[in-house]
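# Coordinate analysis (summary)
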Amino acid sequence: MKFKRMLTPLSVSLTVLFSASPVLAQSNDGESKLAMEEIIVTATRRATSIQETAISMESISGSDLEDKGYNSIDQFIDQVPGVTAISGGGAFGDRVIIRNVATSTQEAGSPVIATYFDDFSVSGMFSGSNALRLVDMDRVEVLKGPQGTLFGRSAMGGIVRYISNKAQTDSVEGGFNTYLSNTADGGDNYGGHAFLNLPISDTLAVRFVGYNYQNSGFIDNVELGAKDYNDDDTQGGRIAVHWDATDLFSVDFTYLNQSRDAAPNWVTTTRDPGDLNVAGDEGPDVPFDLDARTQVAGIEMETALDQEIVNLKLERDFDSFTATFLATQISEEDKFVFDQREYISSTSGCACDFLEPGQAPSTQDTDIYELRLVSSGDNFIDWIAGVYYEDAKYEGTQQIRQLGPDQVLFGFWPVTEGDIAIDSDFGSKGSETAVYGELGFNFSEQTNLTVGYRRSEVEFSNVTTKADGFFLQPPFNNDQEFVGQVFATEEDVSTYKVALSHSFTDDIFVYTSATSGYRRGGVNQPTINSAFSTYDSDTLWNYEAGVKSTWMDGALLANVSVYLIDYDDIQLVVQDQVTFSRATKNVGKAEVSGVEFTLAYQFNDYFDMSFAGSFSSPELQEDVPGGDSGKKGDRLPGSAEENFALTANWNQPISDGLDFYAIATTKYVGVRLNDFNRDLDVELPSYNLTDLRIGVRSSEGYSISLFADNVFDEAVNYAIDRQGPTFESVPTNRPRTMGVNVAYNFK
């Protein structure tokens, strides 16, 4: 689909998505008129109306999250125009794709997007997303395109911000929200969260948040007879302290902790397991069946992730600017249990990948420091300047052992119970030092020109400190030769921004911008048939123009943006056609053109609707070296040419102090390309998911609702991973879930 053709059918618009809610506005003649509520965001580091912010972005309010029962990013992120997600299942969360800037559904590589909690980054070394539960939130902001001149963490594709409710000194408030539900092909789910805000004095307050969610599994391991074994258990909490030390100086302290234990939601190729004590007694492979929600594996797979995040924020107001210092420490421990047998063409027993009791789990520790200065605004020249430093360290351990009957691998290598295939320790280090800033020239109250610049020094390295086990030695590999050797890369990267905006009236705002971004490079460690190599950052330029408008005295919101992304030196995993070794290389270029829009209309005092979506054309501009896939004109992996979401809200008083409400949301994500890898360059089917909720809420803070998520019980194919010649694994979504939700808030 060409860019020109995509613009033709769209005469209207983009941006506020489901965060807009109806209110009555007062007109100049005193008559009350229907209007959309003004949404205030802080994406530019200043509080601005989303309708007057020169960034393509969405804001989903905390009240919308509560009303719809959403507490994790995977429940709604693909309702945002131009945004999709690849659900990996398990504890490690989903991978978010903004404007189809993606290179693989299988191998995430270094992050393309960043996730922020309030003002600080919570992204990892290898993942831009974070699976923190969204509890007691003010809003979630989704910023599209590079944001490196505004935020410390590099973000080539965009930024997702979780913005929490802050500790308040003016009142005691609190509440709880609980649910009980049942999942089709699964079992019962229950859980909830609670919060409490306590003023300690006129200048000091603390806010407590806690949550516990126990959700049933829905995947059956037919080999082991384990039914619905992929339970998802999450516990966590947050403490936020706010202290106004003086009229000009404030201190904020935030502590977050979350533990999640969940098996991956993988449907796989199946087979009759036969006698589990006899190798080769299995039946033939049967293609995966999403609707059956079944898998085979020689062990019940599991993932577990523990996160602890501490942030200190110091803020001082001066006459002409505000200075903010942030110090963040992120600690993560992850454990998992996988069966890797299919990668080595085994169908019996288990090539079990897990740690014995007492072995140290894999850990990631990140320290982040940021100093940001923001001018007070309302001057001819406004400015932002920042310094950012991030230091991350990952230490991993992997041990794969053979369990089950004796067998012969690859036709020549005998293995028996207890044989160690891999016993390795390894680590990665990454650091980034950056200076960034923007200058804004306010030529009038209506017209602004902004220019921005970022300079980053990026370092990354890998090292293996232990490489035992038969699979890390000849004839399979030669990892022992490189134990203790550090393989590193470093580079300096500059990125830029130019943006021009103008308000024609109070209701019509236009902007255009050109921004660049990058994703850090990395290393390919040597193997038995390939040499050490490095790859550089890939870069892109995002060109866009947008119109944000309201009509009919504010009852109609109509926004649209168009964009063109030039994506160069793309990091792609390339497989050598002779040795079959795989390495990440800077190859190819792509072009992503698209349009995103939002319409929201308040029909009367009780009923409003919004319709939002995107059309996109993400295409390679040249062939990827090697193989038969990844040719000029092909779409990027994981990319969808269209996504849409329709939401209808009904909210009507039924008695004094009691309202009835109903919410219906449906979302559609189009066909996506799976990957550029031999036989895996297949199309993933489109999907359409619908959620319904009806309830009543009291002016005294009580509410009760009935809900049905994934009403039509659609099983989504997020990606296909090939293990061995024919075995395939497919992550999927939770089946239809119906239940009741009870909540109470007081103030």
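Predicted, not measured: the structure shown is a model, and the values here were computed from it. (Residues numbered from 1 in each chain as written. Predicted model: local features only at pLDDT ≥ 70, side-chain atom pairs only at ≥ 80, totals over all residues. Heavy atoms only, no water.)

## Section: the overall build of the protein
Secondary structure assignment for the protein yields 2 helices and 47 strands. The C-alpha atoms of the protein give a radius of gyration of 26 Å, which matches the 27 Å a tight globule of 747 residues would have. For the protein, the C-alpha atoms occupy an extent of roughly 90 × 55 × 55 Å along the three principal directions. Counting only contacts in the protein whose residues sit at least 6 apart along the sequence, the fraction spanning at least 24 positions is 68%. Carbon and sulfur atoms make up 54% of the accessible area of the protein, which totals about 30100 Å². Charge separation in the protein, taken as the distance between the mean sites of 51 positive and 112 negative side-chain charges, equals 4 Å. (Helix = DSSP H or I, 4+ residues; strand = E, 2+ residues; numbered from the N terminus. Rg over C-alpha atoms; globule rule 2.2 N^0.38 Å. Contact = heavy atoms within 4.5 Å. Areas by Shrake-Rupley, 256 points an atom, 1.4 Å probe, with all protein chains shown as cover. Lys, Arg positive; Asp, Glu negative; His and termini not counted. Charge placed at Lys NZ, Arg CZ, Asp CG, Glu CD.)

## Quick word on the packing of aromatic side chains
Applying the stated criterion across every chain, the model contains 39 aromatic pairs. Ring geometry for Tyr606 against Trp650: centres 6.2 Å apart, planes inclined by 35°, an arrangement best described as tilted. In this pair, Tyr606 sits in the loop between strand S37 (590-602) and strand S38 (607-620) while Trp650 sits in strand S39 (residues 642-655), placing the two residues 44 residues apart along the sequence. Using a relative accessible area of 32% as the deciding quantity, one classes Tyr606 as partly exposed. We classify Trp650 as partly exposed; its relative accessible area is 30%. Taken together through their ring pairs, the aromatic side chains of Phe410, Phe412, Trp413, Phe470, Phe471 and Phe476 make up a single cluster. (Phe/Tyr/Trp six-rings, centres within 6.5 Å; stacked < 30°, edge-to-face > 60°. Buried < 20%, exposed > 50% of the residue type's maximum accessible area, 1.4 Å probe, protein only.)

## Notes on the state of the cysteines
Considering all chains together, one arrives at 1 disulfide under this definition. Two residues, Cys350 and Cys352, share a disulfide whose sulfurs are 2.0 Å apart. Across the disulfide from Cys350 to Cys352, rotation about the S-S bond amounts to roughly 135°, and the bridge is consequently right-handed. On the accessibility criterion, Cys350 (1% relative accessible area) is buried. (Disulfide = S-S within 2.5 Å.)

## Here's the deal with unusual backbone geometry
Of note, the amide linkage connecting Pro474 to Pro475 takes the cis form, showing an omega dihedral of 10°. Of note in the backbone geometry, Asp136 takes a positive phi value of approximately 55° without being a glycine. Note on placement: Asp136 falls in the loop between strand S9 (120-121) and strand S10 (137-144).

## A few points about the pattern of salt bridges
Enumeration according to the criterion identifies 38 salt bridges in this entry. In this structure, Glu173 engages Lys747 in a salt bridge whose closest nitrogen and oxygen atoms are separated by 3.8 Å. Of this pair, Glu173 sits in strand S12 (residues 173-183) while Lys747 sits in the segment after strand S47 (737-746); the two residues are 574 residues apart in sequence, bridging distant segments of the chain. Glu173 gets classed as buried once you look at its relative accessible area, which sits at 13%. By relative accessible area, which is 74% here, Lys747 ends up exposed. When salt bridges that share partners are traced, they join Arg45, Asp119, Asp138, Arg139, Glu141, Arg161, Lys313, Glu315, Glu370 and Arg372 into one network. (Salt bridge = Lys/Arg side-chain N within 4 Å of Asp/Glu carboxyl O.)

## Points about a nonpolar patch on the surface
Judged by side-chain polarity, Phe325, Tyr369, Leu371, Val387, Tyr389 and Val435 come together as a nonpolar surface patch covering roughly 490 Å² of accessible area. Taking relative accessible area as the criterion, Val387 reaches 42% and is therefore assigned partly exposed. (Patch = residues over 30% accessible without salt bridge, like charges linked within 9 Å, V, L, I, M, F, W, Y side chains within 5 Å.)

## As for the sheet that holds strand S5 (residues 57-61)
Sheet architecture is open: 5 strands sit in the order S5-S10-S11-S8-S9, paired in mixed fashion. Each edge of the sheet is formed by a strand with only one pairing partner; in this case those strands are S5 and S9. The sheet contact formed by strand S8 (residues 113-117) and strand S11 (residues 158-164) spans 5 bridges and is parallel. By the bridge assignment, Phe117 is partnered in S11 with Tyr162. (Pairing = 2+ DSSP bridges.)

## Things to note about the pairing of S8
Burial within S8 is extensive, with 5 of its 5 residues counted as buried. Burial along S8 is two-sided: Ile113, Thr115 and Phe117 and Ala114 and Tyr116, pointing in opposite directions, are all buried. Here S8 hands over to S9 after 2 residues, with Asp118 in that stretch at a positive phi of 55°.

## Describing the nonpolar core
Counting 29 residues, the largest nonpolar core has Phe76, Ile77, Phe117 and Tyr162 as its most contacted members. When contributions to this core are tallied by element, the ones reaching two or more residues are strand S6 (83-87), strand S7 (94-98), S8, S10, S11 and strand S27 (420-442). Among the elements that take part in this core, S10 stands out by supplying 3 residues, more than any other. Discounting chain neighbours no more than four positions away, the residues touching Phe76 are Ile60, Leu65, Tyr70, Leu134 and Val140. Counting residues in hydrophobic clusters, the runner-up holds 19 residues, among them Phe218, Ala263, Ile720 and Val730. (Core = buried A, V, L, I, M, F, W, Y, C linked by side-chain atoms within 4.5 Å.)

## Considerations on the confidence of the model for the protein
Low-confidence regions, as indicated by low pLDDT, have predicted coordinates that should not be scrutinised in detail. Mean pLDDT over the protein works out to 88, with 92% of the residues at or above the 70 mark. Confidence drops under pLDDT 50 across residues 1-32; counting only partners more than four residues distant or on other chains, this segment forms 98 contacts. (pLDDT = per-residue confidence, 0-100.)

## Side note on the side chain of Thr363
By the secondary structure assignment, Thr363 is in strand S23 (residues 362-375). Overall, the relative accessible area of 18% leaves Thr363 in the buried class. Those residues in contact with Thr363 that sit more than four places away from it in its chain are Glu332, Glu333, Lys393, Tyr394 and Glu395.

## Observations regarding the side chain of Thr489
Looking at where Thr489 falls in the secondary structure, it is placed in strand S29 (residues 486-503). Filtering out sequence-adjacent residues up to four positions away, Thr489 remains in contact with Val458, Glu459, Phe460, Gly521, Gly522, Val523 and Thr534.

## Things to note about the sheet that holds strand S18 (residues 266-268)
The strand order S18-S46-S45 describes an open sheet built from 3 strands, whose pairing is antiparallel. At either margin of the open sheet sits one strand with a lone partner, and together these are S18 and strand S45 (721-723). Neighbouring strand axes in the sheet, compared pairwise and without regard to direction, differ in orientation by 30° on average. Relative to strand S46 (residues 727-731), S45 runs antiparallel, the two being bridged by 3 bridges. If you follow Arg722 over to S46, its bridge partner there is Glu728. (Axes fitted to C-alpha atoms, helices over the stretch in contact; angles between N-to-C directions.)

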